[in-house]
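Each chain is listed here by its residues.
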Amino acid sequence: MIIVTSGHVDHGKSALLQALTGKNTAHLPEEKKRGMTIDLGYAYLPLEKNGKIDRTLGFIDVPGHEKFLTNMLAGLGGIDYAMLIVAADEGIQAQTEEHLAILRLLQFKEILVVITKSDRATQTQIEQLTQQLRTNYTILANSSFFVTSAKNGDGIIELRQYLTKLPSFADPAKPFRYAIDRVFSVKGAGTVVTGTAFAGTVKIEDDLYLSSGHKVRVKNIHSQNQPATQGVGGERLALNIHTDLDRTLIERGDWLLAQSPLKATDRITVKLCAEMALNETQPIHIYHATARTTGKLSLLDNKSLTPNQAGLAEIILEKPLFLAYGDKLILRSGDAKRLVAGASVLEIHSPRRYKRTESRLSFLQQLLQAETEEERTALYLQNKAVEAKNLAWIEQLTAAKLDEVLTKNQHIRFQEWCFNTDYRQQQTEKLLTSLAQYHEQHNDQLGISKARLYRIASVNQPEKLINHFIDELLSTGKLQQTRGWLHLPEHKIAFSSEEQALWQAVLAEFEKQKGQAFWVRDLATILSVEETTMRNFLYKAGKLGYLTPIVKDRFFLTESIYAYAKLIKAFITQEGAISVNQLRDELQFGRKLVVQLIEYYDRSGFLRRKGNLHLLRDGDVFDA
């Protein structure tokens, strides 16, 4: 567990930590060695239990405001506690207030107030300072206060005992997530990174992902400045990693993750607490963990905010960041000189349009009020399907925990997609309604291909999932499929016994043609059937799916249409496109017939024309 120490310069932070830990952090070099035991301004207090070290408290000792901000944010996700140090003889100074503002915006679980140098002040001064802090700063009203002197040891034991009893809020059951703040090489060991674990557990030999997507293996671990076999959330860790990646390509601001990372986001929605007056839009600097970027802040539910007022806002980031729900941010002004606000992430990859509509703001308010992963997941799955990896990332859930959440919510998962029963019902109703409308508008057709039904009913939905719903409708009998065409069960066309006999005669003539097309008049002449009667019969055969008219009154066997489509698909896969002359050479047909056939494929959505070539538009259209 890590505890931030903050306060004005020369108010006794270093002396206090030396009294607590036995280490003089004011004289620590930036690195003791070029090795795994680097300290980076941290001091550590090992806590023993039954004669063995049970856990170790880590303290950040940061002297200046700029360095305070940068270094504290480097461990932001793993820090739950802070100590505000105020010298008894000097009281509240400008930097005290600056640090306190940041502590307030970072929403720590607890801020302890440590009054130092008590040997230099009277009891009356100390009581007045305590009262002033409690009265003037509401965030400290319920804080624990400790009066100490590093010189004579007053209050040190009581403070140490209190610190040892603080519970850790880091969740070791979440996926491991670690913010890198330094990268260097150690002779004989290789690449070493240092940083703070936000959550989860890492062990030697674990495989992790860099935020770039590259895999690395953990060879050695130092946890809270001690050799260890594992590290957990809330700890300062040095990790010796094995990677084929040049270490110069790993930098401050990168992450090590148990999960393969999603694409970094450049548009987020946040809950904001203003430190200064804010307009509807303004440029800002954004601090997150060890990363820093610039961007634009736009208020969503207010035209302006006054200091200490909360609101919803969108942030467009100049450099995309790897963010998850609940991550804390510090925002500073465009010139990086003033503290603007603190923020927590509500949503990543926020929509680009309709961001201030009533329904959108209502959704965000519900998200604000949701207290559990189950409640938020239910909101994510309102009226849409979401990939499992997206849900796992935004909520930082393991695969097992995600399955548990979905089961508890009675949500459904099909392969990589998660959805609820309302979504499935909405999509299946759209499919059935669209197919009914198609039958009404095209009553001369037996049905429609799966790919075309998807485009008509659900074009903006995941195609694999919609095809799954179609398969479910087929299995329950709500849809039927005849020779590859989807149709409603009640939409049926059938030959009479006389027509069946005529069909056998027509089929025999097509088989003699060896894949060629027939004109209506030619078949009528060959079989001595009146031309109008033959025309009506052939179009009925077309409705049943046996024949396909490529132009008015000229028919192919439907099975031939599928066979030629398969040939064309194979040709395009190899050559990239096909021309009329190339198809003519493949089929050995006359040019006019080939032109009619290829134009039919264009109209059907199977191909699309580009100049004299035809490209594949939808390879599923003529899949049997």
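All values reported here derive from a predicted model rather than from experimental measurement. (Residues numbered from 1 in each chain as written. Predicted model: local features only at pLDDT ≥ 70, side-chain atom pairs only at ≥ 80, totals over all residues. Heavy atoms only, no water.)

> What am I meant to see in the overall build of the protein chain here?
Summing up its helical and strand segments, the protein chain has 18 helices and 32 strands in all. Relative to the compact-globule value of 25 Å for 624 residues, the protein chain shows a C-alpha radius of gyration of 35 Å, a clear excess of over 25%. The C-alpha extent of the protein chain, read off along each of the three principal axes, is 125 × 55 × 50 Å. Per-residue burial over the protein chain gives 53% buried out of 624 residues. Long-range contacts, defined as pairs at least 24 residues apart, comprise 66% of the intrachain contacts of the protein chain with a sequence gap of at least 6. (Helix = DSSP H or I, 4+ residues; strand = E, 2+ residues; numbered from the N terminus. Rg over C-alpha atoms; globule rule 2.2 N^0.38 Å. Buried < 20%, exposed > 50% of the residue type's maximum accessible area, 1.4 Å probe, protein only. Contact = heavy atoms within 4.5 Å.)

> So what exactly am I meant to see when it comes to the sheet that holds strand β22 (residues 386-387) here?
Strands in a sheet are paired, the pairing made by backbone hydrogen bonds, and the direction either parallel or antiparallel. The strand order across the open sheet built from 3 strands is β22-β24-β23, with neighbouring strands paired in antiparallel fashion. Edge positions in the sheet fall to β22 and β23 (412-414), since each has one partner strand and no second. By the bridge criterion, 2 bridges tie β22 to strand β24 (residues 417-419) in an arrangement that is antiparallel. In the strand pairing of β24, Glu387 is matched with Trp417. (Pairing = 2+ DSSP bridges.)

> Would you explain the domain arrangement of the protein chain in this entry?
Where the parts come together, the accessible area they lose is often given as the size of the interface. Segmenting the protein chain into domains produces domain 1 (2-165), domain 2 (177-257), domain 3 (371-415), domain 4 (421-487) and domain 5 (494-623). Between the C-alpha centres of domain 3 and domain 4 there is a distance of 27 Å. Counting residues at the interface gives 6 residues for domain 3, matched by 8 residues for domain 4. Each partner contributes to the roughly 630 Å² buried at the junction of domain 3 and domain 4, and carbon and sulfur atoms together form 67% of this total. For the domain 3 face of the interface with domain 4, the top three residues by lost area are Ala385, Ile412 and Phe414, together amounting to 62%. Our count for the contact surface shared by domain 3 and domain 4 stands at 0 salt bridges. Linking domain 3 with domain 4 are 1 residue pair in polar contact (both at pLDDT 80 or more). A class-by-class count of the residues in the side of domain 3 that touches domain 4 yields 3 nonpolar, 2 polar and 1 charged. (Domains from an automatic or database assignment. Buried area = accessible area lost by both parts, 1.4 Å probe. Salt bridge = Lys/Arg side-chain N within 4 Å of Asp/Glu carboxyl O. Polar contact = N/O pair within 3.5 Å; in protein donor to acceptor, adjacent residues only side chain to side chain. Nonpolar A, V, L, I, M, F, W, Y, C, P; charged D, E, K, R; others polar.)

> Sorry if this is basic, but what is going on with the pairing of strand β28 (residues 547-551) here?
If a strand is regular, its side chains alternate between the two faces of the sheet. Pairing of β28 with strand β29 (residues 554-557) involves 4 bridges; the strand directions are antiparallel. Looking at β29, one finds that Leu547 is bridged to Leu557. Hairpin remark: β28 followed by β29, antiparallel, with 2 residues in the connecting loop; positive phi at Asp553, about 70°.

> What is the right way to look at the nonpolar core in this model?
One broad trend across soluble globular proteins is that nonpolar side chains are buried collectively. Membership of the largest hydrophobic core comes to 54 residues, with the highest contact counts inside it found for Leu272, Ile315, Leu329 and Leu331. Among the elements that make up this core, the one with the highest residue count is strand β21 (residues 339-348) (6 residues). When residues of this core are assigned to domains, at least three map to each of domain 2 (177-257) and domain 3 (371-415). When neighbours within four sequence positions are excluded, Ile315 is seen to be in contact with Asp266, Arg267, Ile268, Val270, Ile284, Ile286, Lys296, Leu297, Leu329 and Leu331. The next biggest cluster of nonpolar side chains, apart from the first, holds 31 residues, and it includes Ala82, Ile102, Ile111 and Val113. (Core = buried A, V, L, I, M, F, W, Y, C linked by side-chain atoms within 4.5 Å.)

> Hey, could you run me through unusual backbone geometry in this one?
Most peptide bonds adopt trans geometry, and most residues besides glycine take a negative phi value. Notably, Ala336 is not glycine yet its phi reads approximately 65°, a positive angle. One can find Ala336 in the loop between β20 (328-333) and β21. A relative accessible area of 12% places Ala336 in the buried class. Positive phi values are uncommon outside glycine, yet Ser528 reaches one of about 55°. Assignment of secondary structure puts Ser528 in the loop between α14 (520-526) and α15 (531-543).

> Help me understand the environment of Leu364, please; the structure alone is not making it clear to me.
Locating Leu364 in the fold gives a position in helix α6 (residues 358-369). In this structure Leu364 comes out as buried when scored by relative accessible area, which is 0%. In the structure, Leu364 is positioned 95 residues away from Thr269 in sequence and 8.7 Å away in space, judged by C-alpha atoms. Leaving out residues up to four positions away in the same chain, Leu364 has contacts with Thr269, Leu300, Leu312, Leu346 and Glu347.

> How should the sheet that holds strand β30 (residues 578-579) be read in this particular structure?
Reading across from one edge, β30-β32-β31 is the order of the 3 strands in this open sheet, with antiparallel pairing throughout. If you trace the sheet from one side to the other, it starts and ends with β30 and β31 (607-610), each paired once. The sheet contact formed by β30 and strand β32 (residues 613-616) spans 2 bridges and is antiparallel. Bridge pairing links Ile578 to His614 in β32. Sheet contacts for helix α16 (residues 558-575): β30, β31 and β32; angle to β32, the most-contacted strand, approximately 95°. Contacting β30, β31 and β32, helix α18 (residues 591-603) runs over the sheet at an angle of about 110° to β31. (Axes fitted to C-alpha atoms, helices over the stretch in contact; angles between N-to-C directions.)

> How should the packing of α16 against helix α17 (residues 580-587) be read in this particular structure?
Helices that pack against each other are described as a pair by the angle of their axes relative to one another and the distance between those axes. Their axes nearest at 12 Å, the elements α16 and α17 cross at an angle of 125°. With respect to their mutual orientation, α16 and α17 come out oblique. Relative to α17, α16 is oriented so that their crossing is right-handed. Of the residues in α17, those in contact with Tyr564, Leu567, Ile568 and Phe571 of α16 are Gln582, Leu583, Glu586 and Leu587. (Parallel < 35°, antiparallel > 145°, perpendicular 65-115°, else oblique. Left-handed = near helix turned anticlockwise from the far one by under 90°.)

> Explanation requested: the packing of aromatic side chains in the structure shown.
Two measures describe an aromatic ring pair: the distance that separates the ring centres and the angle between the ring planes. Enumeration according to the criterion identifies 23 aromatic pairs in this entry. Relative to Trp255, the ring of Phe198 has its centre 4.9 Å away and its plane inclined at 80°; by these criteria the two rings are edge-to-face. Separated by 57 residues along the polypeptide, Phe198 in strand β8 (residues 190-199) and Trp255 in strand β15 (residues 255-257) bring together distant segments of the chain. Overall, Trp255 belongs to the buried group, its relative accessible area being 2%. Joined through ring pairs, the aromatic side chains of Trp485, Tyr562, Tyr600, Tyr601, Phe606 and Phe622 make up one cluster. A cation over a ring is seen here: Arg521 above Trp519, with NZ or CZ 5.2 Å from the ring centre. (Phe/Tyr/Trp six-rings, centres within 6.5 Å; stacked < 30°, edge-to-face > 60°. Lys NZ or Arg CZ within 6 Å of the ring centre and 35° of its normal.)

> What is the right way to read the side chain of Thr548 from this model?
Among the structural elements, Thr548 can be located in strand β28. Relative accessible area serves as the criterion here: at 7%, Thr548 is assigned to the buried category. Sequence-distant contacts of Thr548, that is, excluding residues within four places in its chain, are made with Arg554, Phe555, Phe556, Thr558, Ile561 and Tyr600.

> Looking at this structure, how should I read the environment of Asp422?
By the secondary structure assignment, Asp422 is in helix α10 (residues 421-441). Sequence spacing of Asp422 and Phe176 is 246 residues, and the spatial spacing of their C-alpha atoms is 34 Å.

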